[in-house]
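# Residue-level structural notes
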Amino acid sequence: MTLLDEIRVSSSYVAIPEEGGSTTITVTTQDSWTIEKVTTEKDDVEWLTISSTSGSAGESQLTFSAPSAIDGRTAEALLHSGGKTQRINIIQGLAKISEVTAAEVNAGPDGKTFRVTGVCTSIVNTLYGNWYLTDETGTVYIYGTLDEKGATRNFLSLGLEVGDEVTIEGPKSSYQGNPQMVDVTVIQINKSLIKVDSVANQELPIEGGEFIAYLTSKGQGVSVDIPENAKSWLSISSIESAGEEVVVKFNATANTGGDRGTTLIFRTTDGSKNYSTETTLTQKGAILKATIAEFLAAEVGNTQYRLTGVITNITNTNYGNLYLRDFSGETYVYGIDDFQEKGLKEGDIITIVGKRAAYNGNPQVGSAVLESVIPVTAATIAEVLTKPDSSQDYFLVTGEITQIANETYGNLYLKDGDSEIYLYGCYPGYGATGDDRKFLLDTKGIKVGDKLTVIATKGSYNGVPQLAHGIYFSHESAE
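Residues numbered from 1 in each chain as written. Predicted model: local features only at pLDDT ≥ 70, side-chain atom pairs only at ≥ 80, totals over all residues. Heavy atoms only, no water.

## Let's talk about the overall build of the protein chain
Counted only if it meets this: Secondary structure counts use DSSP, requiring at least four H or I residues in a row for a helix and at least two E residues in a row for a strand, with both numbered from the N terminus. Exposure categories follow from relative accessible area, calculated using a 1.4 Å probe and restricted to protein chains: below 20% of the type maximum is buried, above 50% is exposed, and the middle band is partly exposed. A contact between two residues is defined here by any heavy atoms of the two lying within 4.5 Å. Computed with the Shrake-Rupley method and a 1.4 Å probe, the accessible areas treat only the protein chains shown as cover for residues.
When helices and strands are counted, the protein chain shows four helices and 35 strands. Along the first, second and third principal axes, the C-alpha atoms of the protein chain reach 105 × 75 × 35 Å. Relative to its 479 residues, the protein chain shows a buried fraction of 40%. Restricting the contact set of the protein chain to residue pairs at least 6 apart, pairs at least 24 apart contribute 58%. For the protein chain, the exposed area adds up to about 24,500 Å²; of that, 46% sits on carbon and sulfur atoms.

## Examining the environment of Asp 164
As a reminder, the rule being used: Pairs of N or O atoms are called polar contacts if they sit within 3.5 Å, as long as, within protein, a hydrogen donor faces a hydrogen acceptor (for residues adjacent in sequence, only side-chain-to-side-chain pairs).
In this fold, Asp 164 is placed in the loop between β13 (138-146) and β14 (165-175). Residues Asp 164 and Cys 120 lie 44 residues apart in sequence; the distance between their C-alpha atoms is 5.6 Å. Within the structure, the side chain of Asp 164 is placed 2.7 Å from the side chain of Lys 191, a separation counted as a polar contact.

## Notes on the side chain of Thr 121
Along the polypeptide, Thr 121 turns up in strand β11 (residues 113-125). Only 3.1 Å separates the side chain of Thr 121 from the side chain of Thr 134, close enough to count as a polar contact. Beyond its immediate sequence surroundings of up to four residues, Thr 121 is in contact with Tyr 132, Thr 134, Val 162 and Glu 278.

## Examining the pairing of strand β35 (residues 464-476)
Note the following rule: Each pair of strands is called paired provided DSSP finds at least two bridges between the two strands.
Sheet topology note: the strand β33 (residues 419-427)/β35 ladder contains five bridges and is parallel. Of the residues in β35, the one forming a bridge with Leu 423 is Leu 467. Note that strand β34 (residues 451-461) and β35 share ten bridges and pair antiparallel. Within β35, the position partnered with Leu 452 by the bridge is His 475. Linking β34 back to β35 in an antiparallel pair, the connection comprises two residues, with Asn 462 at a positive phi of about 55°.

## A look at the side chain of Thr 291
Its place among the elements puts Thr 291 in the loop between β24 (288-289) and α2 (292-297). If we skip the residues at most four places from it in the chain, Thr 291 touches Leu 307, Asp 326, Phe 327 and Ser 328.

## Concerning the packing of aromatic side chains
We count it as follows: Side-chain rings of Phe, Tyr and Trp (the six-membered ring for Trp) are treated as a pair once their centres are within 6.5 Å; stacked means planes under 30 degrees apart, edge-to-face means over 60, and tilted covers the remaining angles.
Tallied over the full model, the rule gives seven aromatic pairs. For the pair Tyr 132 and Tyr 141, a centre-to-centre distance of 4.9 Å together with 45° between the ring planes defines the contact as tilted. Relative to Tyr 305, the ring of Phe 295 has its centre 5.5 Å away and its plane inclined at 85°; by these criteria the two rings are edge-to-face. Within this pair, whereas Phe 295 is found in helix α2, its partner Tyr 305 is found in strand β25 (residues 304-316), the two being separated by ten residues in sequence. The pair formed by Phe 295 and Tyr 305 is uniform in burial state, with each residue classed as buried. Counting every residue linked through ring pairs, the aromatic cluster contains Tyr 132, Tyr 141 and Tyr 143.

## A look at the sheet that holds strand β16 (residues 194-200)
Heads up, the condition is: Axis lines are fitted through C-alpha atoms, for helices just across the contact stretch, and the angle between N-to-C directions can take any value from 0 to 180 degrees.
Strand order in the open sheet made by the four strands is β16-β18-β21-β20, with antiparallel pairing throughout. This sheet does not close on itself; its edge strands, each paired only once, are β16 and β20 (234-242). Within this sheet the neighbouring strands show an average axis-to-axis angle of 25°, counted without direction.

## Details of the sheet that holds strand β8 (residues 73-81)
Here five strands make up an open sheet; going across it, the order is β2-β9-β8-β4-β6 and the pairing mixed. In this open sheet, the two edge strands, each paired with only one partner strand, are β2 (13-16) and β6 (54-55).

## Focus on the pattern of salt bridges
The condition that has to hold: When a carboxyl oxygen of Asp or Glu lies within 4 Å of a side-chain nitrogen of Lys or Arg, that pair is called a salt bridge.
Tallied over the full model, the rule gives 15 salt bridges. Ionic pairing is found between Glu 161 and Lys 195, a salt bridge with its closest N-O pair at 3.9 Å. Highlighted residues: Glu 161 in the loop between β13 and β14 and Lys 195 in strand β16, separated in sequence by 34 residues. Under the relative-accessibility criterion, Lys 195 is labelled partly exposed at 33%. Linked through salt bridges whose partners overlap, the residues forming this network are Glu 161, Asp 164, Lys 191 and Lys 195.

## As for the environment of Lys 415
Inspection of the secondary structure assignment puts Lys 415 in strand β32 (residues 411-416). Measuring from C-alpha to C-alpha, the distance between Lys 415 and Leu 452 comes to 9.8 Å, with 37 residues separating the pair along the chain. With sequence-adjacent residues up to four places away left out, Lys 415 is seen in contact with Ile 381, Gly 399, Glu 400, Thr 402 and Glu 420.

## Some words on the layout of surface pockets
This is how it is decided: Here the term cavity refers to a set of points on a 1 Å grid, laid over the protein atoms alone, in which a 1.4 Å probe fits but cannot get out; the term pocket refers to an open set having protein on both sides within 12 Å along at least five of seven lines, with lining residues being those that place an atom within 4 Å of a point. Grid points are joined across faces, edges and corners, and a volume is the space filled by probe spheres set on the points. Three classes are used, and their members are as follows: Ala, Val, Leu, Ile, Met, Phe, Trp, Tyr, Cys and Pro are nonpolar, Asp, Glu, Lys and Arg are charged, and the others, Gly among them, are polar.
There is about 880 Å³ of room inside the largest pocket. Looking at the largest pocket, it is lined by 29 residues, and the ones nearest its centre are Asp 43, Arg 73, Gly 111, Thr 113 and Pro 171. Of all the secondary structure elements, the ones that give two or more residues to the lining of the largest pocket are β8, β14 and β15 (178-190). Class assignment of the residues belonging to the lining of the largest pocket gives a composition of ten nonpolar, nine polar and ten charged.

## Notes on unusual backbone geometry
A positive phi is found at Val 45, a non-glycine position, where the angle reads about 55°. Along the chain, Val 45 falls in the loop between β4 (33-37) and β5 (49-50). In this structure Val 45 comes out as buried when scored by relative accessible area, which is 1%. Non-glycine residue Asp 338 carries a positive phi angle of around 55°. Structurally, Asp 338 is set in the loop between β27 (329-334) and β28 (349-359). The class of Asp 338 is partly exposed, set by a relative accessible area of 40%.

Following this line, the structure appears as structure tokens:
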């Protein structure tokens, strides 16, 4: 121990129980003092609390506190006084690293450090090092990988490739309920004996064609796995080997459905251990026109769907996160490309193309692109009565129901102030035909006296103005 005349501490090492608690030391200085925690980019030491950050000359009590720890942890504090610095080391528990499987990582508590070995099956970010590790029990998402010097944003220096067997160590955490390991340290990389060097025609056209994978294999032969759900449209046409160079050719049939894709796995062995690598291919398909109910019933995937409906609520005006409703149901749209430039608003009727996606098990439209829009103008009944008849111009109109002429189709009268207009049909949503147009009033419990908002065009019958083919938007019960 180095003894300083300007600063004396009763102990330069502070031990806090693993189950949490406090430890107090005595500080004696000839001048006023300050203390600071030593933090790093990897550890901000938020878990450690120091009773005071400054004090006056003389004798002071300094208390270090921490909540319970899952793993052992250490920190350092610097006590400054009279131009001198005294280092104080803090330790809580003993660091214990558990060697576990991928499934045990995913089920483990946040904050605990694990060591796990598996195969790199996919790399999604080559700057920070975000990738997937898979073993026989499951898959772990890795969010951030440190280089050999413990620095971030240098993943490529590690030389990790898909197919390599790798041992990593790091803390487990969660993001929005999904388990992950963060800023892991790579302990060992066992390079795969097989890798995909390049591919040809990775995105096949709708009419099908040939996909080629060029591999290097240092093992004993090569086998190929085609997933069951792709065997009906994808087949191996040939496997050619010349030394370590292997060329595998596939044939894809014409695609009569939506976009599709698959992951191909290539395997080899050294006689005692198996190695694998993989690549993906996609094939363009037709865009499937669907009702929202049909879209919600579809599986998550790359198939493109064309949906048309009314914007009922915009939850993010920057990205275009919104709710879209037709006569069959309603879905969440997670953003529309270049939304701010489109000038869309609630009530507009839009057609979009997007994929069936999901977030935390909740269905949504992903990668949506706007195809067309029918703008809807908010107007009073008095304003609508001044408009010319048109089947192309839509209005968003609100009024009180004064009379219901037809319960089945929703023919009724709407009044707003001194103005009243006949609504010829109020249907459950955009796209309703036949029997799907019936019984909205009964289903929604809409009655005389309720305030109803509809989307409709301006027309007339025998010279009398009316709203035609109304689309239900919302209502308020008089009760």
